[in-house]
Amino acid sequence: MKIPLSKPWITEGDIKAVEEVLRTSYLSLGPKLPEFEKRLAEIANTKYAVAVNSGTSALHLIIRSLGIKDGDEVITTPFSFIASSNCILFEGAKPVFVDIRKDTYNIDPGLIEGKITEKTRAILGVDVFGQPAEWDKIEKIAKKHNLDVIEDSCEAIGSEYKGKPAGSFGVAGAFAFYPNKAVTTCEGGAVVTDDENIYKLSRSMRNQGRGEDETWLYHTRLGYNYRISDINCALGISQLNRLDKIIEMRNTIAKIYSEQLSEIDKVITPYISLEVTKMSWFVYVIRLKDNFDERKRDIIIDKLGKRGIETRNYFEAIHLQPFYVEQFGFKEGDFPVTEFVSERTIALPFFTTMTEEEIDYVVNNLKEVILEVKKL
Ligand SMILES: *Cc1c(COP(=O)(O)O)cnc(C)c1O
């Protein structure tokens, strides 16, 4: 058997939706764009959504709409996908990292205040692996210090924290729709917000800085081409039509994994806080127990690969990426929990259409491989 780390779920209905757009003359900035945006705003329970060509673009538009610039600092997590931190660098601001909780892998709210300076402008939290961060605590700290809160919800569309949807926290949230996400548009992303200013600026900057009436050759500010095509939007709408089903199927797979893996002595299964009232799983990440030699993690990944099972060391710490080390002088030991966790995690194959047979195959091989490497 060959089992990929991730696989998109594309139905005949999805293909039809894309084909229909191709038979019209509205391939971009057509009717599918506002339709997709309306659905996204409903899911995030926000007034507005601005769909763009990637989650990274969405994050950049939020940072820029807030006027975050050179000399400013933004507090964020080093245990994330690189884009949540790079979007701060795009505008010349400085990411100030705060270590994570060892159980949820999300930013540790208890460590945030110690990092606030007079340069701090915002806190950018990430809903890691689909699990919302502790938004009530983060928002409370932000309010006290007059900071903006940004939610990177690129991995968590459909999740809920204390009954409120991912994407709805802070001044604005970002979604992403790359093929490995729960909902895909091939490439795509969105800003979701209640803030009219962020909405207007994001719309303008997505489309070359055009004015509000979007007159074609009239540019009121510096903008980008962050547009998403109507083909992508049609695919997104078709996928969102079964969002509940997608979330349910992914929850079932996660549950089966956790039940079966609980028998393996050296493995810690994902911990989901009770404050998370709905979980939209992005990836299923296990961690090797603290007393297990972490240097054997990569051997496990390698051995599973040889058995046709693709796994990955989600995430590598951002502060130890070569260009962060070079630019900011970060070093090993700066964020000990992040480093400890990132040396021991393994993302297992996880996708909406995964079968029980495939889950069994992964679990059985993981059991065997762990026994093998224990002897090394
Ligand atoms: C996927 C992802 C992004 C960016 O998404 P792209 O669409 O690939 O640009 C940003 N942040 C996090 C946490 C992500 O997982």
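Scroll up to find the structure this text is about.
Presented here is an overview of the structure given in this document.

1. Re the overall build of the chain
Part 1 of the reasoning: A tally of helices and strands in the chain yields twelve helices and 13 strands.
Part 2 of the reasoning: Taking 376 residues into account, the globule formula puts the C-alpha radius of gyration at 21 Å, and the chain, at 21 Å, falls close to it.
Part 3 of the reasoning: Dimensions of the chain, computed from the C-alpha atoms along their principal axes, are close to 70 × 55 × 35 Å.
Part 4 of the reasoning: Relative to its 376 residues, the chain shows a buried fraction of 56%.
Part 5 of the reasoning: The contacts in the chain between residues at least 6 apart in sequence include a share of 71% that link residues at least 24 apart.
Part 6 of the reasoning: Entry remark: accessible area of the chain is about 16300 Å², with carbon and sulfur atoms responsible for 51%.
Part 7 of the reasoning: Averaging the coordinates of the 49 positive side-chain charges in the chain and doing the same for the 57 negative ones gives two points 1 Å apart.

2. A few points about the sheet that holds strand E11 (residues 276-278)
Part 1 of the reasoning: Read across the sheet, three strands follow the order E7-E6-E11 without closing on themselves; strand pairing throughout is antiparallel. Strands at the two margins of the open sheet, each flanked by one partner only, are strand E7 (164-165) and E11.

3. Structural notes on the nonpolar core
Nonpolar side chains tend to gather and get buried jointly when the protein is soluble and globular.
Part 1 of the reasoning: With 42 residues, the main nonpolar core has Ile-68, Phe-79, Leu-124, Phe-129, Ile-150, Val-191 and Tyr-314 as its most contacted residues.
Part 2 of the reasoning: Ranked by residue count, the leading element in this core is helix H3 (residues 55-65), at five residues.
Part 3 of the reasoning: Built from parts of two domains, this core gets at least three residues from each of domain 1 (12-240) and domain 2 (243-374).
Part 4 of the reasoning: Residues contacting Ile-68, with those up to four places away along its chain left out, are Ile-63, Val-74, Glu-91, Ala-93, Arg-121, Ala-122 and Ile-150.
Part 5 of the reasoning: With 31 residues, the next largest nonpolar core counts Tyr-284, Ile-346, Val-362 and Val-369 among its residues.

4. Considering the sheet that holds strand E2 (residues 73-76)
Part 1 of the reasoning: The strand order across the open sheet formed by seven strands is E1-E9-E8-E5-E4-E2-E3, and the pairing between neighbours is mixed. The sheet is open, and its two edges are formed by strand E1 (48-52) and strand E3 (94-97), each paired on a single side. For this sheet, the mean inter-axis angle between neighbouring strands, taken without regard to orientation, is 25 degrees.
Part 2 of the reasoning: Alignment of strand E5 (residues 148-152) against strand E8 (residues 172-176), held across three bridges, turns out to be parallel.

Quick notes on the rules
Residues numbered from 1 in each chain as written. Predicted model: local features only at pLDDT ≥ 70, side-chain atom pairs only at ≥ 80, totals over all residues. Heavy atoms only, no water. Helix = DSSP H or I, 4+ residues; strand = E, 2+ residues; numbered from the N terminus. Rg over C-alpha atoms; globule rule 2.2 N^0.38 Å. Buried < 20%, exposed > 50% of the residue type's maximum accessible area, 1.4 Å probe, protein only. Contact = heavy atoms within 4.5 Å. Areas by Shrake-Rupley, 256 points an atom, 1.4 Å probe, with all protein chains shown as cover. Lys, Arg positive; Asp, Glu negative; His and termini not counted. Charge placed at Lys NZ, Arg CZ, Asp CG, Glu CD. Pairing = 2+ DSSP bridges. Core = buried A, V, L, I, M, F, W, Y, C linked by side-chain atoms within 4.5 Å. Domains from an automatic or database assignment. Axes fitted to C-alpha atoms, helices over the stretch in contact; angles between N-to-C directions.

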